[in-house]
Amino acid sequence: NYYRMVEFMSGQSKPLVSDRAWYLSIIAVDPSLHGRGLGQQLLAPTLAEADANDAISYLETFGLRTVRFYERLGFSTVGRFDEPTTGAQYALMVRNPQTPHA
């Protein structure tokens with residue numbers, strides 16, 4: 001099932017995301033630990049490296065709560081799709097490189 005899901009989602013992202021964009025794969029924080037900044041801490045080094053390399057980043061997420069989380073990190077939803085293996089809707093999100101505020 002995992003490979004079918006990845007194949008489908010990869011096909012949906014191709015027309016919407018540069019082939020040079022950095023793909024951020026699976027990340028998770030135990031729900032009992034949500035709201036403590038751990039997800040942001042996990043992503044901070046990778047996003048800083050993407051910014052330093054002027055790289056676009058993208059990911060898929062299945063939850064409304066996680067969409068809001070990623071929006072706070074600078075991601076925007078560029079598409080919503082129904083994944084056929086699970087029947088669940090997910091958001092394809094993209095983040096342009098961020099520049100430090102002076």
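Scroll up a little and you will see the structure.
The following paragraphs examine the structure supplied in this document. (Residues numbered from 1 in each chain as written. Predicted model: local features only at pLDDT ≥ 70, side-chain atom pairs only at ≥ 80, totals over all residues. Heavy atoms only, no water.)

Things to note about the sheet that holds strand E1 (residues 22–23)
At step 1: An order of E1-E2-E4-E3 is seen for the four strands of this open sheet, with the pairing classed as mixed. Looking along the sheet, the strands with just one partner apiece sit at the ends: E1 and strand E3 (76–82). (Pairing = 2+ DSSP bridges. Helix = DSSP H or I, 4+ residues; strand = E, 2+ residues; numbered from the N terminus.)

Comments concerning the pattern of salt bridges
At step 1: In the structure shown here, the tally under the stated rule is one salt bridge.
At step 2: Arg95 is the salt-bridge partner of Asp51, the closest N and O atoms lying 2.8 Å from each other. Remark: Arg95 occurs in strand E4 (residues 89–95) and Asp51 occurs in helix H2 (residues 38–52); sequence separation between them is 44 residues.
At step 3: Of the residues examined, Asp51 reaches a relative accessible area of 22% and is grouped as partly exposed. (Salt bridge = Lys/Arg side-chain N within 4 Å of Asp/Glu carboxyl O. Buried < 20%, exposed > 50% of the residue type's maximum accessible area, 1.4 Å probe, protein only.)

Brief notes about the pairing of E4
Two faces, one strand: in a regular strand the side chains alternate between the faces of the sheet.
At step 1: Along E4, six of the seven residues are buried, which leaves the element largely enclosed by surrounding structure.
At step 2: When strand E2 (residues 57–61) meets E4, the two strands line up antiparallel, connected through five bridges. If you follow Leu59 over to E4, its bridge partner there is Met93.
At step 3: Here six bridges tie E3 to E4, and the two strands are oriented antiparallel to one another. In the strand pairing of E4, Phe81 is matched with Tyr90.
At step 4: Here E3 folds back onto E4, and the loop between the two strands holds six residues, one of which, Gly87, carries a positive phi near 80°.

Structural notes on the pairing of E2
At step 1: Across the five residues that make up E2, a large majority, five, are buried.
At step 2: Of the two faces of E2, the one lined by Ser57, Leu59 and Thr61 and the one lined by Tyr58 and Glu60 are each fully buried.
At step 3: Judged from the two bridges that link them, E1 and E2 form a sheet pairing that is parallel. Among the inter-strand pairings, Trp22 is bridged to a residue of E2, identified as Ser57.
At step 4: Handedness of the β-α-β unit built from E1, H2 and E2 comes out right-handed. (Right-handed = clockwise from strand over helix to strand, strands pointing away.)

So, the packing of aromatic side chains
The geometry of an aromatic ring pair is captured by the separation of the ring centres together with the interplanar angle, meaning the angle of the planes.
At step 1: Scanning the entire structure with this criterion turns up six aromatic pairs.
At step 2: Between the aromatic rings of Tyr2 and Tyr3, the centroid separation amounts to 5.4 Å while the plane-to-plane angle is 75°, which identifies the pairing as edge-to-face.
At step 3: We classify Tyr2 as partly exposed; its relative accessible area is 45%.
At step 4: Ring geometry for Tyr23 versus Tyr58: centroids 5.0 Å apart, planes at 45°, classification tilted. Note that Tyr23 is positioned in strand E1 and Tyr58 in strand E2, a separation of 35 residues in sequence.
At step 5: A relative accessible area of 41% means that Tyr23 is categorised as partly exposed. (Phe/Tyr/Trp six-rings, centres within 6.5 Å; stacked < 30°, edge-to-face > 60°.)

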